[in-house]
Amino acid sequence: MASATAPKTLSFDVVMLSYYERPIFDVQLNGIEIGAGANPPQRGNGGLMTGVPIQLGAQKITWRLDGPKGMPGNGDTVTAANIPDFKDPGPDYSYLGVHVYPDNTVELVPEKFWPERTAKGEAFTQAWERKHGQ
């Protein structure tokens, strides 16, 4: 009888970056709370959650929509449209950027230092700034 081996679990300091034009909250990575995000895009990040255990492999990310009273979808839970596959980045990586995009996709980016915007996140932010004259 073959024994099943549990997936390897690593510990990261997680930073959640939201590129939504509305606030989101209750952002969870595999059921673990990792933060909230205010609007406009990539402002008011959810801070740093330290020592988050993350198993290698497929990841489930969810969040809840917020916004002004009466805004459509307020309180709705969104599940990422993609399922990121997290691989061991090696021993030099202790931060994980969780990038949540308004197209309901997510990127998980391991970093040696504080997570920065991704190329996709930068595109969302620049589009927002053009739209709002910033």
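Placed above this text is the structure.
Remember, it's a predicted structure, so these values are computed and weren't measured experimentally.

Caption draft 1: Spotlight on the overall build of the chain. When helices and strands are counted, the chain shows one helix and 10 strands. In terms of overall dimensions, the chain is globule-like: its C-alpha atoms have a radius of gyration of 16 Å, near the 14 Å expected for 134 residues. Each principal axis of the C-alpha distribution contributes one length, and for the chain these read about 60 × 30 × 25 Å. Looking at the chain as a whole, 34% of its 134 residues are labelled buried.

Caption draft 2: Just the side chain of Gln59, in detail. Relative to the helices and strands, Gln59 resides in the loop between strand 5 (57-58) and strand 6 (61-65). At 2.4 Å, the side chain of Gln59 and the side chain of Asn30 are in polar contact. What Gln59 contacts, discounting residues up to four positions off in sequence, is Leu29, Asn30, Ile54, Ile83, Pro84, Phe86 and Leu108.

Caption draft 3: Here's a closer look at the sheet that holds strand 9 (residues 95-100). With mixed pairing, four strands are arranged side by side in an open sheet as 4-1-9-10. Edge strands, defined here as strands with exactly one partner in the open sheet, are strand 4 (48-55) and strand 10 (106-111). For this sheet, the mean inter-axis angle between neighbouring strands, taken without regard to orientation, is 35°. Where strand 9 lies against strand 10, six bridges are found, and the strand directions are antiparallel.

Caption draft 4: Structural view of the environment of Gly70. Note that Gly70 resides in the loop between strand 6 and strand 7 (77-79). Given the relative accessible area of 70%, Gly70 is considered exposed. Between the alpha carbons of Gly70 and Asp92 there is a distance of 45 Å; along the sequence they are 22 residues apart.

Caption draft 5: A look at unusual backbone geometry. Of note, the phi angle at Asp26 is positive, near 50°, even though the residue is not glycine. Checked against the element boundaries, Asp26 lands in strand 2 (residues 24-29). Unlike most non-glycine residues, Asn104 shows phi in positive territory, near 65°. Here Asn104 shows up in the loop between strand 9 and strand 10.

Caption draft 6: Representation of the sheet that holds strand 3 (residues 32-37). With antiparallel pairing, four strands are arranged side by side in an open sheet as 3-2-6-7. In the strand order of this sheet, the two ends are held by strand 3 and strand 7, each with one partner. Averaged over all neighbouring strand pairs, the angle between strand axes comes to 25°, with direction disregarded. Relative to strand 3, strand 2 runs antiparallel, the two sharing four bridges. Pairing of Gln28 across the sheet is with Glu33, part of strand 3.

Caption draft 7: Geometry of helix 1 (residues 119-131). With 13 residues, helix 1 extends 18 Å between its outermost C-alpha atoms, agreeing within 8% with the 18 Å of an ideal straight helix rising 1.5 Å per residue. Burial in helix 1 covers these residues: Gly121, Thr125 and Trp128. Considered in projection along helix 1, the buried side chains sweep an arc of 60° and stay on one side of the axis. In helix 1, the exposed positions that point more than 90 degrees away from the buried face belong to Ala119, Arg130 and Lys131.

Conventions adopted
- Residues numbered from 1 in each chain as written.
- Predicted model: local features only at pLDDT ≥ 70, side-chain atom pairs only at ≥ 80, totals over all residues.
- Heavy atoms only, no water.
- Helix = DSSP H or I, 4+ residues; strand = E, 2+ residues; numbered from the N terminus.
- Rg over C-alpha atoms; globule rule 2.2 N^0.38 Å.
- Buried < 20%, exposed > 50% of the residue type's maximum accessible area, 1.4 Å probe, protein only.
- Polar contact = N/O pair within 3.5 Å; in protein donor to acceptor, adjacent residues only side chain to side chain.
- Contact = heavy atoms within 4.5 Å.
- Pairing = 2+ DSSP bridges.
- Axes fitted to C-alpha atoms, helices over the stretch in contact; angles between N-to-C directions.
- Expected span 1.5 Å × (residues − 1).
- Arc of directions from axis to C-beta.

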